[in-house]
Amino acid sequence: MTPEPLALPETDAAESWVKERTSATLTHVRELAEKLRTAPPSEATEVLKAWDELSLELGSLGGLAGLLANVHPVEAVRTACEDTEVEVDRLRTELTQDQALYRVFADLPAKQTDALDPLAKRLLEKTLQDFTRAGVDRDDATRARLTEINERLTELNLEFSRVTRDDVRITLATPEQLDGMPADWLEAHPVNDKGLVEITTDYPDALPARMFVKDPAIRRAVTVASLERGWPHNEAVLKEMFALRHELANLVGYEDWPAFDAAVKMIGEGPAIPEFIDKIAGAAEGRMKRDLEVLLDRYDRDVTGASAVSAADALYYEELVRQEKYDVDSQVVRTYFDFAKVHQGLLDVTGRLFGLRYEPVSDVVTWHEDVSVFDVYQQDGDEPLGRIYLDLHPREGKYKHAAQFDLAPGVQGRQLPEGVLVCNFSRGLMEHDHVVTLFHEFGHLIHHVLGGQGEWARFSGVATEWDFVEAPSQMLEEWAWDADVLQTFATNAAGEPIPADLVARMRAADDFGKGYHARQQMFYAAISYWFHKEQPDDLTKRLEELQAAYSPYPYLEGTHFFANFGHLGGYSSAYYTYMWSLVIAKDLFSAFDRDNLFDPEVAGRYRDLVLARGGEKDAADLVADFLGRPYSFDAYAAWLVS
Ligand SMILES: [Zn+2]
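Residues numbered from 1 in each chain as written. Predicted model: local features only at pLDDT ≥ 70, side-chain atom pairs only at ≥ 80, totals over all residues. Heavy atoms only, no water.

Asks: A description of the layout of surface pockets should follow, citing residues and the corresponding values.
Replies: Put simply, the second largest pocket is a space of about 770 Å³. Lining the second largest pocket are 36 residues, with Asp-202, Pro-204, Asp-205, Pro-394 and Arg-395 positioned closest to its centre. Where the lining of the second largest pocket is concerned, the elements lending two or more residues are helix 3 (75-96), helix 7 (140-166), helix 8 (183-188) and helix 9 (203-212). With five residues, the top contributor of residues to the lining of the second largest pocket is helix 9. Its residues assigned to classes, the lining of the second largest pocket shows 12 nonpolar, nine polar and 15 charged. (1 Å grid on protein atoms, 1.4 Å probe; cavity = no way out; pocket = protein on both sides within 12 Å on 5 of 7 lines; lining within 4 Å. Points joined across faces, edges and corners; volume = space filled by probe spheres on them. Helix = DSSP H or I, 4+ residues; strand = E, 2+ residues; numbered from the N terminus. Nonpolar A, V, L, I, M, F, W, Y, C, P; charged D, E, K, R; others polar.)

Here is the structure:
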């Protein structure tokens, strides 16, 4: 029997629904914990099952609240969900610091634990590790302090993302100053009663403005407004966050936060992070310099005597070089990416690749009319594997970036995996970048669903090491760059598919920036690592130094980008994971035949050996199972210089 999908509440009932569900679930989880603590099952497997059930309940509530806090149109619901997230985190901390519960696992007789199957053994190991990382073996005063720290960190995280999300800034421009903007954007943005057009810092405004507006003052204003979101408020939030993370790591026996965080990742150790950052920065240096010279040459024709391209002008001149040198005009490119066709194309392409079909579900309540819902099936199956929700356009109060949210983790026969894509795309023509983003995020969604068919909640879906989790998504981006694939759905208003030679030029243009792009990423990774490692007093000064060391563009005087660098919340010191995953993604992709990206044998093996396994094995082993050898840096290095 397939479990029933979750039934979401109507808008008016949502607030009370969330509150009731929160209180009922938390009570139930406490009961499960009490039972396990006082009358544990006699068999090790049953002990693990009871704990996994508890984790599933808690994780599902956390996932639901995390989603609705970021997408629900009613502010009171978002607030209620934030409260739920705080409660879930609080209970999770309480349980993993519960010494009586810990003893239930730690005291399991060896005769029983030796007899566990490999997956259950792995689960026991991970569970014990969760307990010790939470400080279960520390004294009462330490555990009390850890609880305090965790609670405060949850609040700070929420505050940081709320401020980043809600601080939308507006640049005003006369219609003349907007020369260069796409016609459809201008049409959708009429002048206000003062005769001015509003450009918000939301992606669908800020990105085209920075790419296309000819007036440098407007580009600068929009760039600065984007970099200043969340400042000054978030500076104090971040400083407190860094200090508390450091203290937490110390209390459970680690030298600093990055060491604590890296211990459960592929990279393994804190100091390996700056080594990796410098390895990538070094590998990208030659390529960056070569490409920056080209960019500067073009820049110099407009801004005489400039020694570097300003960050406020970078996107615009990258776009110009793409047009002039590679003959790629983004405004022409976007005529092939009509949202509705891209949406259908995404489903067709991923369905074919992974042997799936998506059935639209219309008779279901969601949180907003923009949301579309599909049930996922094996191509020839009749039992759903999971349910996906696509919430793809911006609106007030909604999460500003692009991400996959777990709505419900899947456990075979117990709970259907459900996931949600939350993005901010235009309703009309899309930038190709956004098409790539859509494929990327969908990669997480499909990982969540395919990996949600296993036996244990602890290993469900994307529950793999965090520095691996981007790899499947980054690999799926390749399909959004392949001419044969694109031509199946990317057609213009006249129905003509995107020309293969245009795609080839787009790829060449994209390759053009990969050196400095890698360096920009290492700049972000360095902020994420060093801010946590050092907790500098003057964040702006340290940002300037790191920008000078890694970024292709000089620091923009008076700006405070860290205040809205959202990943400092969730990824903390581990922003390097995007690049780490990319190295793995390039390695994984090397197994596919470029001339036949849909080869069912390779795609099927990848689906079954990597995606479907969720967190059942260490990521390094999943990759080795698929590639038939350990992962390596070679494919990435070759790609970087090619
Ligand atoms: Zn991602």
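That was the structure; now back to the text.
Asks: Would you mind going over the packing of aromatic side chains in detail, with residue names and values included?
Replies: Evaluated as defined, the whole model comprises 39 aromatic pairs. Note on Tyr-326 and Phe-512: the rings are 5.8 Å apart at their centroids and 50 degrees apart in plane angle, and the pair reads as tilted. Within this pair, whereas Tyr-326 is found in the loop between helix 14 (311-324) and helix 15 (330-333), its partner Phe-512 is found in helix 20 (residues 500-512), the two being separated by 186 residues in sequence. On the basis of an interplanar angle of 20 degrees and a centroid distance of 6.2 Å, the ring pair of Phe-439 and Phe-489 is categorised as stacked. Note that Phe-439 is positioned in helix 17 (residues 432-450) and Phe-489 in the loop between helix 19 (483-486) and helix 20, a separation of 50 residues in sequence. In this structure, Phe-439 and Phe-489 share a single accessibility class: buried. Through a chain of ring-to-ring contacts, the aromatic side chains of Trp-466, Phe-523, Tyr-524, Phe-561, Phe-565, Tyr-571, Tyr-575 and Tyr-578 assemble into a single cluster. The lysine or arginine in question, Lys-514, covers the ring of Trp-639, its NZ or CZ lying 4.6 Å from the ring centre. (Phe/Tyr/Trp six-rings, centres within 6.5 Å; stacked < 30°, edge-to-face > 60°. Buried < 20%, exposed > 50% of the residue type's maximum accessible area, 1.4 Å probe, protein only. Lys NZ or Arg CZ within 6 Å of the ring centre and 35° of its normal.)

Asks: For the pattern of salt bridges, give the residues involved together with the corresponding values.
Replies: Using the criterion set out here, one finds 56 salt bridges in the structure. Residue Asp-98 is joined to Arg-37 by a salt bridge in which the shortest nitrogen-to-oxygen separation is 2.6 Å. Of this pair, Asp-98 sits in the loop between helix 3 and helix 4 (99-106) while Arg-37 sits in helix 1 (residues 14-38); the two residues are 61 residues apart in sequence, bridging distant segments of the chain. Classification of Asp-98 as buried rests on a relative accessible area of 14%. The class for Arg-37 is partly exposed, based on a relative accessible area of 26%. For Arg-162, the salt bridge is made with Glu-82, and the minimal N-O distance between the two is 3.3 Å. Remark: Glu-82 occurs in helix 3 and Arg-162 occurs in helix 7; sequence separation between them is 80 residues. Arg-162 gets classed as partly exposed once you look at its relative accessible area, which sits at 33%. One salt-bridge network, held together by shared partners, links Glu-82, Arg-162, Arg-165 and Asp-166. (Salt bridge = Lys/Arg side-chain N within 4 Å of Asp/Glu carboxyl O.)

Asks: How would you explain the sheet that holds strand 3 (residues 356-361) if you had to name every residue and give the values?
Replies: With respect to topology, five strands assemble into an open sheet ordered 3-4-5-7-6, the strand pairing being mixed. Strands at the two margins of the open sheet, each flanked by one partner only, are strand 3 and strand 6 (403-408). Going from strand to strand, the sheet's axes swing by 25 degrees on average, the running direction of each strand aside. Of the strands in this sheet, strand 3, strand 4 (372-378) and strand 5 (386-391) are in contact with helix 16 (residues 339-354), which crosses strand 3 at around 140 degrees. Of the strands in this sheet, strand 3, strand 4, strand 5, strand 6 and strand 7 (418-422) touch helix 17, which is tilted by about 170 degrees from strand 7. (Pairing = 2+ DSSP bridges. Axes fitted to C-alpha atoms, helices over the stretch in contact; angles between N-to-C directions. Contact = heavy atoms within 4.5 Å.)

Asks: Could you give an account of the coordination of the zinc ion, naming the residues involved and the relevant values?
Replies: Ideal geometry at a metal gives 109.5 degrees between four tetrahedral donors and either 90 or 180 degrees between six octahedral ones. Taken together, His-440 (NE2), His-444 (NE2) and Glu-470 (OE) make up the full set of protein donors to the zinc ion, lying 2.0 to 2.1 Å away. Going along the chain, you hit the donors of the zinc ion in the pattern H-x3-H-x25-E. Of this pair, His-440 and His-444 both sit in helix 17, four residues apart, which is roughly one turn of the helix. By relative accessible area, which is 9% here, His-444 ends up buried. (Donors = N, O, S within 2.8 Å, 3.2 Å for Na, K, Ca; no water.)

Asks: Which residues make up the packing of helix 13 (residues 272-300) against helix 21 (residues 514-534), and what values go with them?
Replies: Helix 21 packs onto helix 13 with a crossing angle of 145 degrees between their chain directions and a minimal axis gap of 6 Å. Where helix 13 crosses over helix 21, the handedness of that crossing is left-handed. For the pair helix 13 and helix 21, the contacting residues are Ile-273, Pro-274, Ile-277, Ile-280, Ala-281, Ala-284, Glu-285, Arg-287, Met-288, Asp-291, Leu-292 and Leu-295 in the first and Lys-514, Gly-515, Tyr-516, Ala-518, Arg-519, Met-522, Ala-525, Ala-526, Tyr-529 and Trp-530 in the second. (Left-handed = near helix turned anticlockwise from the far one by under 90°.)

Asks: How would you summarise empty space enclosed by the protein if you had to cite specific residues and measurements?
Replies: Tallied over the entire structure, the rule returns two cavities of 30 Å³ or more. Of the volumes computed, that of the largest cavity is approximately 80 Å³. If you trace the largest cavity, you find it lined by Thr-164, Arg-165, Asp-167, Val-168, Thr-201, Asp-202, Tyr-203, Pro-204, Arg-229, Lys-400, His-401 and Asn-424. Among the secondary structure elements, those contributing two or more residues to the lining of the largest cavity are helix 7 and helix 9. Across the lining of the largest cavity, the residue classes break down as three nonpolar, four polar and five charged. Reported here for the second largest cavity is a volume of approximately 40 Å³. Along the walls of the second largest cavity sit Phe-354, Gly-443, Ile-446, Pro-472, Met-475, Leu-476, Tyr-606 and Leu-611, which together make up its complete lining.

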